[in-house]
Amino acid sequence: MAFHGVDYFCVDSLFGEQELMVRQTARRFAEERIAPVIRDCFRDARFPSELIPEMAELGFLGANLEGYGCAGMSNLEYGLIMQELERVDSGIRSFVSVQGALVMYPILTYGSEEQKQKWLPRLQSGQAIGCFGLTEPDFGSNPAGMRATARRDGADWVLSGEKTWITNGSAADVALVWARGPEGILGFLVERGTAGYTTSDIHGKWSMRASVTSSLSFADCRVSDAARLPEARGLKAPLSCLSQARYGIGWGAIGAAMDCYETARQYSILRKQFDDRPIASHQLVQEKLAWMITEITKAQLLAVQAGRLKDQRRLEPAHISMLKRNNVAMALECARLSRDLLGANGITDEYPIMRHLCNLETVKTYEGTDHIHALVIGERVTGVAAYK
Ligand SMILES: Cc1cc2nc3c(=O)[nH]c(=O)nc-3n(C[C@H](O)[C@H](O)[C@H](O)COP(=O)(O)OP(=O)(O)OC[C@H]3O[C@@H](n4cnc5c(N)ncnc54)[C@H](O)[C@@H]3O)c2cc1C
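Residues numbered from 1 in each chain as written. Predicted model: local features only at pLDDT ≥ 70, side-chain atom pairs only at ≥ 80, totals over all residues. Heavy atoms only, no water.

A. A look at the packing of aromatic side chains. The full count for this structure, using the stated rule, is eight aromatic pairs. Pairing Tyr-197 with Phe-218 gives two aromatic rings, centres 5.0 Å apart and planes at 5 degrees, and the pair type is stacked. Here Phe-218 lies in strand β7 (residues 213-224) and Tyr-197 lies in strand β6 (residues 197-201), a separation of 21 residues in the sequence. Exposure remark for Phe-218: the relative accessible area of 5% places this residue in the buried category. Lying over the aromatic face of Tyr-247, Lys-310 brings its terminal NZ or CZ to 5.6 Å of the ring centre. (Phe/Tyr/Trp six-rings, centres within 6.5 Å; stacked < 30°, edge-to-face > 60°. Helix = DSSP H or I, 4+ residues; strand = E, 2+ residues; numbered from the N terminus. Buried < 20%, exposed > 50% of the residue type's maximum accessible area, 1.4 Å probe, protein only. Lys NZ or Arg CZ within 6 Å of the ring centre and 35° of its normal.)

B. Spotlight on the site of the ligand. Within the structure, the ligand sits among 17 residues, and Ser-141, Trp-165, Thr-369, His-371 and Tyr-387 are positioned closest to it. Leu-134 is positioned such that a nitrogen or oxygen atom in its backbone is 3.0 Å from an oxygen atom of the ligand. Measuring from an oxygen atom of the ligand, one finds a side-chain N or O atom of His-371 at 2.7 Å. Coverage of the ligand by the protein chains reaches 68% of its 980 Å² of free accessible surface. Within the residue set of the shell around the ligand, elements represented by two or more residues are β3 (156-167), α9 (353-365) and α10 (370-382). (Near = heavy atom within 4 Å. Polar contact = N/O pair within 3.5 Å; in protein donor to acceptor, adjacent residues only side chain to side chain. Areas by Shrake-Rupley, 256 points an atom, 1.4 Å probe, with all protein chains shown as cover.)

C. Structural context of the packing of helix α7 (residues 283-311) against helix α8 (residues 317-341). Running from N to C, α7 and α8 point in directions that differ by 155 degrees, and their axes come no closer than 10 Å. It follows that α7 is roughly antiparallel to α8 by the angle criterion. The interaxial crossing formed by α7 with α8 has left-handed handedness. Here α7 contributes Val-285, Lys-288, Leu-289, Trp-291, Met-292, Glu-295, Ile-296, Ala-299, Leu-302, Ala-303, Ala-306 and Leu-309 to the contact with α8, which in turn contributes His-319, Met-322, Leu-323, Asn-326, Asn-327, Met-330, Glu-333, Cys-334, Leu-337, Ser-338, Asp-340 and Leu-341. Each residue belonging to the contact of α7 with α8 can be placed in one class, and the counts come to 16 nonpolar, four polar and four charged. (Axes fitted to C-alpha atoms, helices over the stretch in contact; angles between N-to-C directions. Parallel < 35°, antiparallel > 145°, perpendicular 65-115°, else oblique. Left-handed = near helix turned anticlockwise from the far one by under 90°. Contact = heavy atoms within 4.5 Å. Nonpolar A, V, L, I, M, F, W, Y, C, P; charged D, E, K, R; others polar.)

Encoded structure:
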């Protein structure tokens, strides 16, 4: 049955014609191109890289960025794309998030003109893939402690250290790597094949199986000063990239929740138990569906307001923390409830629920854990930082 959207509260009336058109394009692509292959990709732990040129052609890569071949969409349109991609799989949305928000955005914001000319058209068109190396084996929630170093040597820089849990890592033509320089955190564009730079994939994941996740190693890796992002100084540079990605995640999680809700709703009408009655006729089942659609609706309204504020340049990191934290927790709970309502069938990959559930465990952790975003919100409302 075709998906007509999940709109209990006339949220669609908040979108303009252009926004609805972008959503429809992303929805059609996700249904026609990702959905048919995603179960096997997840089973085989394979990212469907054959879809990259089409996503590029549709303007999904760096969609909300201006210039250098980017589509220049509004932040709301970009959010709707994230929602539709993640309605099918968080791993595909992750690829698009990393490419646009974590690689293209910092190059556009902090890069030299030469870096922009060289990389942005290639990243937008999917001819090059990027990754973002911030997390280290001993520093996840607290990137300020990072040990990777950038040492000046004549006209060059020498990078040393390890990054881990890096989406697109081994697939990337260019890694945006953050390292501690003489006067603070610096960002570098390190090309695949640079001497001293190696990658290895992380295997055995039960989550994000249709996404490449790798470790990056830098052993006296020499790059020229032209590889450094000249305008990126201090931790606020990578944190600003995370804000871009977290915004998209806030939308993406709604998509996963919609799929879980709609699957459970349809299943509960068809599945019969006790006197040939649909399980949807039971009050306890309806309560779960009522919880899901209520929470999805609240998440949609939060995301629309976030998108409008972002388009007006009024969206702050503390807003994004609430959006990401609330919407991901909501989606995870929808996945759990949906799995419950599908009974035994809910544990198989005949249905998308366990895949969403497993993926969302990552989405809860990456880009700032649920706890860390609670602390950001807590600091905002009390004025007291409680991270340490
Ligand atoms: C599939 C996948 C893809 C990823 N992709 C990328 C990527 O592309 N680039 C990248 O740089 N990173 C990436 N990450 C890493 C991700 O950002 C980190 O996993 C995340 O920041 C959490 O760090 P950690 O795993 O080290 O957990 P930790 O920081 O060790 O946290 C463990 C637990 O302790 C809690 N905790 C920590 N500190 C506090 C505190 N002060 N108060 C309360 N609770 C606290 C956390 O909330 C969490 O529950 C990815 C991770 C995954 C799983």
